[in-house]
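Structural characterization, general
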Amino acid sequence: MSNNYNVAYKRSLADPEGFWGDAAQEIDWIKKWNRVLDSSNSPFYRWFPGAQCNTCYNALDRHADGGRGDQAALIYDSPVTGNTKKTYTYNQLRDEVAKFAGVLRSHGVTKGDRVIIYMPMIPQAAMAMLACARLGAIHSVVFGGFAAHELAVRIDDAKPRVIVSATCGIETNRVIEYIPLLNGAIELATHKPDKCIIFSRPECEVELDPVRDVYWQSAMVDAEPAECVAVAATDPLYILYTSGTTGEPKGIVRDNGGHMVALKWTMKNIYNMNPGDVYWTASDVGWVVGHSYIVYGPLLQGCTTVFYEGKPVGTPDAGAFWRMISEHSIKALFTAPTAFRAIKRQDPEGKLIADYDISCFETLYLAGERTDPDTLHWAEDKLAVPVIDHWWQTETGWAIAANCMGLHPFPVKPGSPTKCVPGWDVQIVDETGHPQVPGTIGEIVIKLPLPPGTLMTLWNADERYLSAYLNEFPGYYKTSDAGIIDEDGYISIMARTDDIINVAGHRLSTGGMEEVLAEHPDVAECAVIGVADQLKGQLPLGFLVLNVGVSRSNDDIIADVIKMVRLKIGPVAAFKLATVIERLPKTRSGKILRGTMQKIADSADYKMPATIDDPVILDEIRTALQSIGYAKRA
Ligand code: COA
Ligand code: AMP
């Protein structure tokens, strides 16, 4: 049956240039493109070559000058700082951003320079991102929950001219001082930034380095506003580092033109948001969700975006989200299922919802991990609005599969993010690349070219881009997710096919954690797996094989490695579980059987791997896991 979704989907695959060329009419260009898609250097495809534009202009000036100047652009709501609230209109946000762009420029930042932004969820984080976009500088936001070492790795890769940070972040009841982390990272890194611009927060006042550092507030006093700089549509807007299979993160590079076209299109067609609507993404600017749907998407669409510095529970209670929706007239909320599991755990009956008028609320969008049917049904039942699971990745920048509420809503199948979004030709193949019949699980791959707004390459690592994503299935992008497409075209995401785990919607590398554990002098060998967790979806769990003759107790060594992961990767790794075992289960060729260990831990069914070198080890693993509360079913 023909509907808007079917029409759009078919056209997007049959005529991608026509489809995205039309979508691009929604953006203000300084100069139009020579052609919509350049495939001449495939698989390095480029969208809108020849075009010139500015992302900040389209996100702010266009609305400020076009009749929305007095409309709220950004609402900041911070329960962790005694309920601070502040609204910036499009005029005010544009002016702040232009001034901060002037500050960056006065410190030598020009087109193509990198700027690292290491900030909490305060409006200045968005201002810094948009100021970079205004100058054509490339921002790289680093999530505040990462430790100094992770920041240092990103500094060395991106080589920023300037770092923008704040004196602290606030986690429910604890102040996280950023300056020691920043200093530690700069000390560890080989590359040194010219300048650090620090936003001073009343919760934490510190001594700055008088030569290297300057306060945001004092720099803004005499700043000359900077105008938007024309950049090529194909110039990078940002680098966002995400977990790979090793401790070395991948720097996802996003362009300016394709990114704007795609995000603006999604705001209407996936999220059904119109200019003037209030759209809230409860996440963090350090993640891709924050880039696309706290900052760029809503502002490109002329919506009001919401910056929430708080948690779903504990700031102050499990009614926080309903208070936000009611107080700010929020029409759509986008968050991770884990946030809803946290709320449900504290208020299973959803009683706190009744304290607020949430009649303005129309749709809940969930992503970052699979929405389990329990959470889906709870949210549907308590909120009485559509609850839309959608699937995407840092690499893709926007949803690959979703129920497109602005095109044609389909019935929801629990556990499925519905169908492929227009632009995405998703296929299920076996390990040799042969298509699977509907309903059979396999590798999820996407036919090239990917639509606009997706990754262009990895920063300074074209070869790694090819080997990580494109070489294994020529002509296709490998998602590293496994799944199924059923007879009706509904897609289900079943598991990652690599060492990535998903903890509270945060993407983490078990390989990266193993690298840290292996540094402990008493650890001979180790493995980290993700075990199922009712709240966070998954939690990392480490297995340690100790050197012969180690004198310290197992408990002490476990305490050490937990501390090491927190210090090296950061609290966000949530690494709190480890056990000591005699040996690791391996195949005869020496590959650690992490998948089997995970199934034992989760009490799931598993087949004895044919290539295992010694099956008895699995019993030892089960016993070790049982001693810490896992592998309950024999
Ligand atoms: N700066 C410093 N530390 C941070 C941090 C930040 N920006 N973000 C998280 N942390 C810390 C937490 O305080 C916690 O520390 P702890 O071990 O001392 O308790 C640790 O990192 C793990 O964080 P998290 O896994 O988020 O657990 P939590 O108990 O603090 O919160 C949820 C659990 C479910 C409430 C929270 O993860 C959440 O709201 N998630 C859903 C939304 C989301 O952001 N998804 C991401 C992508 S869409
Ligand atoms: P990130 O890059 O942090 O967005 O993480 C991307 C990964 O999270 C995907 O490859 C999936 O494994 C998982 N993921 C994200 N959204 C969903 C979803 N809706 N359903 C299932 N898995 C998801």
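Predicted model only: the values in this text are computed from it and were never measured.

**Observations concerning the overall build of the chain**
Tallying secondary structure elements over the chain gives 18 helices and 31 strands in all. Projecting the C-alpha coordinates of the chain onto the three principal axes gives extents of approximately 70 × 65 × 55 Å. For the chain, with 634 residues in total, the buried portion stands at 60%. Of the accessible surface of the chain, which amounts to about 23900 Å², a share of 50% is contributed by carbon and sulfur atoms.

**Some points on the confidence of the model for the chain**
Summary statistics for the chain give a mean pLDDT of 96 and a share of 100% for residues scoring 70 or more. Across the chain, the secondary-structure element scoring lowest on mean pLDDT is helix 18 (residues 616–626), at 92, and the one scoring highest is helix 5 (residues 123–135), at 99.

**Some remarks on the layout of surface pockets**
The rolling of a water-molecule-sized probe over the atoms marks out the regions of remaining empty space. Of the volumes computed, that of the second largest pocket is approximately 260 Å³. Here the element with the most residues in the lining of the second largest pocket is helix 12 (residues 337–346); it accounts for three residues. Across the lining of the second largest pocket, the residue classes break down as two nonpolar, two polar and six charged.

**Quick notes on the site of ligand 2**
Residues in contact with ligand 2 amount to 14 residues; listed here are only the nearest, His 390, Thr 394, Asp 481, Arg 496 and Arg 507. The separation between an oxygen atom of ligand 2 and a polar side-chain atom of Gln 393 is 3.0 Å. In this structure, an oxygen atom belonging to ligand 2 sits 2.7 Å away from a side-chain N or O atom of Arg 496. Its free accessible area being 490 Å², ligand 2 has 92% of it covered by the protein chains. The class makeup of the residues in the shell around ligand 2 is three nonpolar, five polar and six charged.

**A short note on the pairing of strand 25 (residues 476–485)**
Strand residues, when the strand is regular, have side chains that alternate between the two faces of the sheet. When you tally the buried positions in strand 25, you get eight out of ten residues, the bulk of the element. Of the pairings in the sheet, the one linking strand 24 (residues 442–447) to strand 25 comprises five bridges and is antiparallel in character. Residue Gly 442 lies in a different strand from strand 25, and its bridge partner there is Gly 483. In this sheet, strand 26 (residues 491–496) lies alongside strand 25 in antiparallel orientation, the contact comprising five bridges. Bridging from a neighbouring strand, Gly 483 pairs with Ile 493 of strand 26.

**Observations concerning the sheet that holds strand 23 (residues 426–429)**
With respect to topology, four strands assemble into an open sheet ordered 23-24-25-26, the strand pairing being antiparallel. Two strands bound the open sheet, and with one partner strand each, they are strand 23 and strand 26. The sheet shows a mean angle of 50° between the axes of neighbouring strands, direction not considered.

**Observations concerning the sheet that holds strand 17 (residues 304–308)**
The strands making up a sheet are joined through hydrogen bonds of the backbone, oriented either antiparallel or parallel. Read from one edge to the other, the open sheet built from seven strands follows the order 5-4-17-16-18-19-20, with strand pairing classed as mixed. Here the strands that pair on one side only, and so sit at the sheet edges, are strand 5 (84–89) and strand 20 (387–389). Across the sheet, the mean angle from the axis of one strand to that of its neighbour is 20°, orientation sign disregarded. In the sheet, strand 18 (residues 332–335) pairs with strand 19 (residues 363–366) via four bridges, with the strands oriented parallel. Note on strand 19: the bridge partner recorded for Thr 335 is Leu 366.

**Topic: helix 5**
The end-to-end C-alpha distance of helix 5 is 19 Å, a good match for the 18 Å that 13 residues give at a rise of 1.5 Å each. Positive phi appears at Gly 136, one or two residues downstream of helix 5, with a value of about 80°.

**Quick look at empty space enclosed by the protein**
Under the defined criterion, the tally for this structure stands at two cavities of 30 Å³ or more. By volume, the largest cavity amounts to about 150 Å³. Considering the residues around the largest cavity, the lining is formed by 15 residues, among which Tyr 45, Trp 47, Thr 454, Leu 455 and Met 456 are closest to the centre. A per-class count over the lining of the largest cavity returns eleven nonpolar, two polar and two charged. Its volume calculated, the second largest cavity comes out at about 30 Å³. For the second largest cavity, the full set of lining residues is Lys 250, Glu 395, Tyr 469, Lys 478, Thr 479, Ser 480, Arg 496, Asp 498 and Arg 507. Top element by residues in the lining of the second largest cavity is strand 25. It accounts for three residues.

**Overview of the site of ligand 1**
Residues in contact with ligand 1 amount to 24 residues; listed here are only the nearest, Glu 171, Lys 311, Lys 536, Arg 566 and Lys 576. Gly 144 has a polar backbone atom sitting 3.3 Å from a nitrogen atom of ligand 1. Note that an oxygen atom of ligand 1 is positioned 3.4 Å from one of the backbone N or O atoms of Val 572. Going through the elements one at a time, strand 10 (174–177) and helix 12 are the ones with two or more residues in the shell around ligand 1.

**Points about the environment of Pro 160**
In this structure, Pro 160 sits in the loop between helix 6 (148–158) and strand 8 (162–166). A relative accessible area of 1% means that Pro 160 is categorised as buried. Linking Pro 160 and Gly 570, residues 410 residues apart in sequence, is a C-alpha distance of 21 Å.

**Observations concerning the pattern of salt bridges**
A full pass over the atoms with the stated rule returns 37 salt bridges. Put simply, Arg 594 and Glu 514 hold a salt bridge, and the shortest N to O gap is 2.8 Å. Here the residue Arg 594 occupies a position in helix 17 (residues 594–601), and Glu 514 occupies one in helix 15 (residues 510–518), the gap between them amounting to 80 residues. The class of Glu 514 is buried, set by a relative accessible area of 12%. Salt bridges linked by common partners bring Asp 61, Asp 65, Arg 94, Asp 95 and Arg 134 together as one network.

**What to know about the pairing of strand 24**
The buried fraction of strand 24 is high, at five of six residues. With four bridges joining them, strand 23 and strand 24 adopt antiparallel strand pairing. Residue Val 426 lies in a different strand from strand 24, and its bridge partner there is Ile 446.

**Let's talk about the packing of aromatic side chains**
On inspection of all chains with the given rule, the structure shows 35 aromatic pairs. Ring centres of Trp 29 and Phe 48 lie 5.5 Å apart, and the angle between their planes is 40°; on these two criteria the pair is classed as tilted. Note that Trp 29 is positioned in the loop between helix 2 (16–23) and strand 1 (37–38) and Phe 48 in the loop between strand 2 (46–47) and strand 3 (52–53), a separation of 19 residues in sequence. Considered together, Trp 29 and Phe 48 belong to a single accessibility category, that of buried residues. What links up through ring pairs into an aromatic cluster is the set Tyr 271, Tyr 279, Tyr 293, Phe 334, Tyr 365 and Trp 392.

**Thoughts on unusual backbone geometry**
Thr 315 connects to Pro 316 through a cis peptide bond whose omega is 0°. Cis peptide bonds are those with omega within 30 degrees of zero, and the linkage from Leu 448 to Pro 449 qualifies with 0°. Summarising the element assignment, Pro 449 is placed in the loop between strand 24 and helix 14 (462–470). Positive phi, normally seen in glycine, also occurs at Lys 159, with a value near 50°. By the element assignment, Lys 159 lies in the loop between helix 6 and strand 8. Since its relative accessible area comes to 43%, Lys 159 is described here as partly exposed.

Reading the values: rules and limits
- Residues numbered from 1 in each chain as written.
- Chains lettered and ligands numbered in written order.
- Predicted model: local features only at pLDDT ≥ 70, side-chain atom pairs only at ≥ 80, totals over all residues.
- Heavy atoms only, no water.
- Helix = DSSP H or I, 4+ residues; strand = E, 2+ residues; numbered from the N terminus.
- Buried < 20%, exposed > 50% of the residue type's maximum accessible area, 1.4 Å probe, protein only.
- Areas by Shrake-Rupley, 256 points an atom, 1.4 Å probe, with all protein chains shown as cover.
- pLDDT = per-residue confidence, 0-100.
- 1 Å grid on protein atoms, 1.4 Å probe; cavity = no way out; pocket = protein on both sides within 12 Å on 5 of 7 lines; lining within 4 Å.
- Points joined across faces, edges and corners; volume = space filled by probe spheres on them.
- Nonpolar A, V, L, I, M, F, W, Y, C, P; charged D, E, K, R; others polar.
- Near = heavy atom within 4 Å.
- Polar contact = N/O pair within 3.5 Å; in protein donor to acceptor, adjacent residues only side chain to side chain.
- Pairing = 2+ DSSP bridges.
- Axes fitted to C-alpha atoms, helices over the stretch in contact; angles between N-to-C directions.
- Expected span 1.5 Å × (residues − 1).
- Salt bridge = Lys/Arg side-chain N within 4 Å of Asp/Glu carboxyl O.
- Phe/Tyr/Trp six-rings, centres within 6.5 Å; stacked < 30°, edge-to-face > 60°.

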